[in-house]
Amino acid sequence: MEILLGARYNRTDIFHALGGDRGELQMKEIRFGIIGMGVQGSYYADILTGRRPAIEQPEGCILAAICSRSDKSREAAQLGVPWFRDWRELLASGSCDAVILTVPHFQHHESAIAALERGIHVLCEKPAGVRASDVRRMLDAQAKSTAKLGMFLQQRTIPLFTRIREIVVSGELGQLRRSNWIINTYWRPDSYYASGAWRGTWKGEGGGILVNQLPHYLDLWLYLCGMPQRVFARNRHGAHRK
């Protein structure tokens, strides 16, 4: 699985990560479809159409279609792209070279596998999935496909972490023996969870902060320290949530 670093990537980086040939790069635009037009999907649509002045619009990457179960016909008209209510119809339309998935966590694997089977590249929001078995199916589909499967894990581009990575890899301070990371920057108030009935629930997102915000820091931990041989976890709070 490729790891894509979000909006800081330029055209060359995105196309290369998605498996494009650099000679072909000069001639081809990447047509993106967005499946799921909630807060995050709309954010990516703004980036692809240059409506986020603070973020550079990726060169050679265009928005070609959007998909949402709710009526987004007006928004689609403003964006100048077709709107699909069913993601299967978007994939079958032939309008996209790649899709960005911002659907509920439990649906990541189904739409990702269907896209890969059609040779359509996939950029998936974190987490890759809720169940390990679903993610394995996604990886198996990617292995059989000509398309690439990628994740948005843009925290790796933060200069602080790239410098730490350089120090660890170079051995500048010696061999890494132990790491201990206390994270308190992803605390969310009650108003955050009240903004969506799915937030912080087993039924809605497959868990809470560990499956929603913490994938970024879990990825950084692996990025800096490598894959663990064993994992132990203990949960004392939150098991009562629906």
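As a reminder, the structure under discussion sits directly above these lines.
Residues numbered from 1 in each chain as written. Predicted model: local features only at pLDDT ≥ 70, side-chain atom pairs only at ≥ 80, totals over all residues. Heavy atoms only, no water.

### Let's talk about the overall build of the chain
Step number 1: Scanning the chain from N- to C-terminus turns up 12 helices and seven strands.
Step number 2: Split into buried and exposed, the 242 residues of the chain put 45% on the buried side. (Helix = DSSP H or I, 4+ residues; strand = E, 2+ residues; numbered from the N terminus. Buried < 20%, exposed > 50% of the residue type's maximum accessible area, 1.4 Å probe, protein only.)

### Side note on the pattern of salt bridges
Step number 1: Counting across every chain of the model gives 11 salt bridges.
Step number 2: Residue Arg137 is joined to Asp134 by a salt bridge in which the shortest nitrogen-to-oxygen separation is 3.8 Å. Of this pair, Arg137 and Asp134 are both found in helix H7 (residues 132-143), three residues apart, which corresponds to roughly one turn of the helix.
Step number 3: A residue is classified by how much of its surface remains accessible, and Asp134, at 8% relative accessible area, is buried. (Salt bridge = Lys/Arg side-chain N within 4 Å of Asp/Glu carboxyl O.)

### What about the environment of Ala76?
Step number 1: Counting through the fold element by element, Ala76 comes out in helix H4 (residues 73-79).
Step number 2: Ala76 sits 12 residues away from Ala64 along the chain, and the two C-alpha atoms are 9.9 Å apart.
Step number 3: Setting aside residues no more than four positions away along its own chain, Ala76 makes contact with Ile66, Val81, Pro82 and Trp83. (Contact = heavy atoms within 4.5 Å.)

### Brief notes about the nonpolar core
Most often, soluble globular proteins have nonpolar side chains that are buried together.
Step number 1: Residues Ile35, Leu90, Leu91, Val99, Leu101 and Val122 are the most contacted members of the largest nonpolar core, which totals 28 residues.
Step number 2: With five residues, the single largest contributor to this core is helix H6 (residues 108-117).
Step number 3: When near neighbours in sequence (up to four residues on either side) are disregarded, Leu90 contacts Ile34, Ala65, Ile66, Cys67, Phe84, Ser95, Cys96 and Val99.
Step number 4: Judged by nonpolar contacts, the second largest core, of 18 residues, contains Ile30, Tyr44, Ala76 and Ile100. (Core = buried A, V, L, I, M, F, W, Y, C linked by side-chain atoms within 4.5 Å.)

### Quick notes on the packing of aromatic side chains
For any pair of aromatic rings, the description rests on two quantities: the centre-to-centre distance and the angle between the ring planes.
Step number 1: A full pass over the atoms with the stated rule returns five aromatic pairs.
Step number 2: Ring geometry for Tyr44 and Phe152: centres 4.7 Å apart, planes at 15°, overall stacked. Placement of Tyr44 in helix H3 (residues 39-48) and of Phe152 in strand S7 (residues 149-152) is noted, with a sequence separation of 108 residues between them. For the pair Tyr44 and Phe152, one class covers both residues: buried.
Step number 3: Taken together, a centroid distance of 6.0 Å and an interplanar angle of 50° make the contact between Phe161 and Trp181 tilted. Of this pair, Phe161 sits in helix H8 (residues 159-170) while Trp181 sits in the loop between H8 and helix H9 (190-194); the two residues are 20 residues apart in sequence, bridging distant segments of the chain. (Phe/Tyr/Trp six-rings, centres within 6.5 Å; stacked < 30°, edge-to-face > 60°.)

### A short note on helix H12 (residues 215-225)
Step number 1: Three or more residues of H12 are buried, namely Pro215, His216, Tyr217, Asp219, Leu220, Tyr223 and Leu224.
Step number 2: Positive backbone phi, approximately 90°, marks Gly226, located one or two places after H12.

### Digging into the pairing of strand S2 (residues 30-35)
Step number 1: Within S2, five of the six residues are buried, which leaves it mostly tucked inside the rest of the structure.
Step number 2: Judged from the six bridges that link them, S2 and strand S3 (residues 61-67) form a sheet pairing that is parallel. Bridge pairing links Arg31 to Ile62 in S3.
Step number 3: Where the polypeptide runs from S2 across H3 and back to S3, its parallel neighbour, the crossover connection is right-handed.
Step number 4: Where S2 and strand S5 (residues 98-101) come together, four bridges link them in parallel fashion. (Pairing = 2+ DSSP bridges. Right-handed = clockwise from strand over helix to strand, strands pointing away.)

### Considering the side chain of Ser95
Step number 1: Residue placement: Ser95 occurs in the loop between helix H5 (87-92) and S5.
Step number 2: Among the polar contacts listed, one links the side chain of Ser95 to the side chain of Ser93, at a separation of 2.7 Å.
Step number 3: For Ser95, the residues in contact, after removing those within four places along its chain, are Arg31, Ala64, Ala65, Phe84 and Leu90. (Polar contact = N/O pair within 3.5 Å; in protein donor to acceptor, adjacent residues only side chain to side chain.)

### What about a nonpolar patch on the surface?
Step number 1: A cluster of nonpolar side chains, Leu160, Ile164, Val168 and Leu176, forms an exposed patch at the surface whose accessible area comes to about 300 Å².
Step number 2: With respect to the element layout, Leu160 can be found in helix H8.
Step number 3: Assessed through its relative accessible area of 53%, Leu160 is described here as exposed. (Patch = residues over 30% accessible without salt bridge, like charges linked within 9 Å, V, L, I, M, F, W, Y side chains within 5 Å. Areas by Shrake-Rupley, 256 points an atom, 1.4 Å probe, with all protein chains shown as cover.)

### Topic: the pairing of S7
Every other side chain in a regular strand lies on the same face of the sheet, so the side chains alternate between the two faces.
Step number 1: The alternating pattern of S7 places Leu149 and Met151 and Gly150 and Phe152 on opposite faces, both of which are buried.
Step number 2: With three bridges joining them, strand S6 (residues 121-124) and S7 adopt parallel strand pairing. Residue pairing for S7: Leu123 is matched across the bridge by Gly150.
Step number 3: For the handedness criterion, the β-α-β arrangement of S6, H7 and S7 is classed as right-handed.

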